[in-house]
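Structure at a glance
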Amino acid sequence: MLMPQHVTMSNYLRPPALKPGDQVGIIAPSFPSAVWFPRRLAVSLDALRTQLSVQPVLAEHVYKAQTYVSGPINERAIELQKFLESPSISAVFTTLGGFNSNELLPYLDFQTLKNKPKIFVGYSDTTLLQLALTSTCRWVTFSGPALLPQFGEYPEAQPFTVNNLKAILMGDCSDMDLLDAPQRTHEFLDWSADEAYSRARQMQFNPGRQVWRKGQARAPLFGGNIETINFLIGTPWLQWPDEFILFVEATEAEATLPRIQRALVHLKQCGVFERVRGFLFGQCPDACQTAGQTLEEMVLQVLQEYEFPIVAELSFGHSDPMLTLPNGCMANIQADQDQARVTLLESAVDLSVANAAPCAGPAAALEKAVPI
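Because the structure is a prediction, the values reported are computed rather than measured. (Residues numbered from 1 in each chain as written. Predicted model: local features only at pLDDT ≥ 70, side-chain atom pairs only at ≥ 80, totals over all residues. Heavy atoms only, no water.)

Core analysis: the biggest nonpolar cluster contains 115 residues, and Phe-93, Phe-151, Phe-279, Leu-280 and Val-299 have the highest contact counts within it. Considering each element in turn, this core owes the most residues, six residues, to helix 4 (residues 127-137). Those residues in contact with Leu-280 that lie beyond four places of it in its chain are Leu-221, Ile-245, Leu-246, Phe-247, Val-248, Val-311, Leu-314, Phe-316, Ile-333 and Val-342. (Core = buried A, V, L, I, M, F, W, Y, C linked by side-chain atoms within 4.5 Å. Buried < 20%, exposed > 50% of the residue type's maximum accessible area, 1.4 Å probe, protein only. Helix = DSSP H or I, 4+ residues; strand = E, 2+ residues; numbered from the N terminus. Contact = heavy atoms within 4.5 Å.)

The next thing to look at is the UniProt feature "domain: LD-carboxypeptidase C-terminal" (unreviewed entry) in the chain. This chain's UniProt record puts "domain: LD-carboxypeptidase C-terminal" (unreviewed entry) on residues 219-333. The distance separating the terminal C-alpha atoms of residues 219-333 is 9 Å; by composition the span is 24% helix and 28% strand. (UniProt positions renumbered as here; feature names shortened; annotations may be inferred.)

Before going further, it helps to spend a moment on the packing of aromatic side chains. Within the structure shown, the criterion is met by 14 aromatic pairs. Ring geometry for Trp-212 against Phe-281: centres 6.1 Å apart, planes inclined by 40°, an arrangement best described as tilted. Taken together, the positions of Trp-212 in strand 9 (residues 210-213) and Phe-281 in strand 12 (residues 276-282) put the pair 69 residues apart, joining distant regions of the chain. Exposure class is identical for Trp-212 and Phe-281. Each is buried. (Phe/Tyr/Trp six-rings, centres within 6.5 Å; stacked < 30°, edge-to-face > 60°.)

This part covers the UniProt feature "domain: LD-carboxypeptidase N-terminal" (unreviewed entry) in the chain. Mapped onto this structure's residue numbering, the UniProt feature "domain: LD-carboxypeptidase N-terminal" (unreviewed entry) falls at residues 24-144. Helix makes up 36% of residues 24-144 and strand 17%, whereas the separation of the span's terminal C-alpha atoms amounts to 15 Å.

Let us look at the pairing of strand 11 (residues 244-249). Judged by how many residues are buried, strand 11 sits mostly within the fold: six of six residues are covered. Residues Phe-244, Leu-246 and Val-248 point to one face of strand 11 and Ile-245, Phe-247 and Glu-249 to the other, with burial holding for every one of them. One ladder, built from five bridges, connects strand 10 (residues 215-225) with strand 11; its direction is parallel. Across the sheet, residue Gly-224 finds its bridge partner in strand 11, namely Val-248. (Pairing = 2+ DSSP bridges.)

What follows is about the environment of Pro-149. In this structure, Pro-149 sits in helix 5 (residues 147-151). Sequence separation between Pro-149 and Leu-41 is 108 residues, and the spatial gap between their C-alpha atoms is 9.6 Å. In this structure, Pro-149 is in contact with Arg-40, Thr-95, Leu-96, Tyr-123 and Trp-191, ignoring residues within four places of it in sequence.

To continue, consider a nonpolar patch on the surface. Together, Val-35, Trp-36 and Tyr-68 give the surface a local cluster of nonpolar side chains, amounting to about 310 Å² of exposed area. Along the chain, Trp-36 falls in helix 1 (residues 33-36). (Patch = residues over 30% accessible without salt bridge, like charges linked within 9 Å, V, L, I, M, F, W, Y side chains within 5 Å. Areas by Shrake-Rupley, 256 points an atom, 1.4 Å probe, with all protein chains shown as cover. Salt bridge = Lys/Arg side-chain N within 4 Å of Asp/Glu carboxyl O.)

Both trends apply: most residues other than glycine have a negative phi, and most peptide bonds are in trans. Backbone torsion omega between Tyr-154 and Pro-155 reads 0°, so that peptide bond is classified as cis. For Pro-155, the location among the structural elements is in the loop between helix 5 and helix 6 (159-170). Following Asp-320, the chain continues to Pro-321 via a peptide bond in cis, the omega torsion being -5°. Mapped onto the elements of the fold, Pro-321 is located in the loop between strand 13 (310-314) and strand 14 (325-327). A positive phi angle, near 65°, is found at Arg-138, a position not held by glycine. Tracing the backbone shows Arg-138 in the loop between helix 4 and strand 5 (141-143). Positive phi, close to 65°, is recorded for Glu-313, a residue that is not glycine. Along the polypeptide, Glu-313 turns up in strand 13.

In structure tokens, the structure reads:
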């Protein structure tokens, strides 16, 4: 099916593009990973400076640990709000995910942010904050790398991850194909051990995406970690687009087939799939065959009454290297029998808007933030 020459842009607000020298706010919405792994934090910050050419500014709560969260709820929320509102901060990145970003939502003033979109990047548990901003403020947000897991890699962050992120945040990604990484790794190295800072993780050939159901779709992207999405349902911070391309992924225990099936059925019972025009599934190495059933068989069984295309094993989410997917950005899927093309149809950032010049010191609104 041929695409029409004129592509309608989505009605989501695109943030100003990121530029070399910009200040980037660093938050820890849930896990205090920077406290647990200070060496990994230092490596990550150096990579952010050298590979993205930006100036990181760390929120104070990044250095705090209160049980398994990075400080009191109100402190995390206040500093996140300041970063999102400050004209001197061009983007906000997260140190890691976790499980408890949802407790910040009641403390955030989304009304003040509605007409001031800003780059917000992360994945996993950060899906909550991203989809809340996309839903309530109409912001394009970015399901992409986090500081410690991706930028803390030895000897540097994966070039595929960085190059894709830069293409999305710093350039015009209209008519850009989202390609698979040629290699991938699922190896785990202990961040507290010297080995993680002396050798790269072992890479393997990436067999690439799979077409589970053929078809064509054109709609805005919207998604993230599947269980995290489920926890947003029923709250005032989630508004489903009228039609969209849903992308999901899962990892570790949440990626077992019974739990993925439960999450999909929940979305189905909430009427979500009536709005879905295409479905993208990220790499889920933990979604092993269970009781003789594969992930593909289970997904097709749950979604058998729908006709939208389904493409799986894409390089996003808990996957290294990883793609950055912009929530709210118009995309197209063309899935044939044995190949699938996923294309962004519009820029995810506004290249016509100049960001504020980097400040010599912290802005007044960021007096508690720590420039690094």
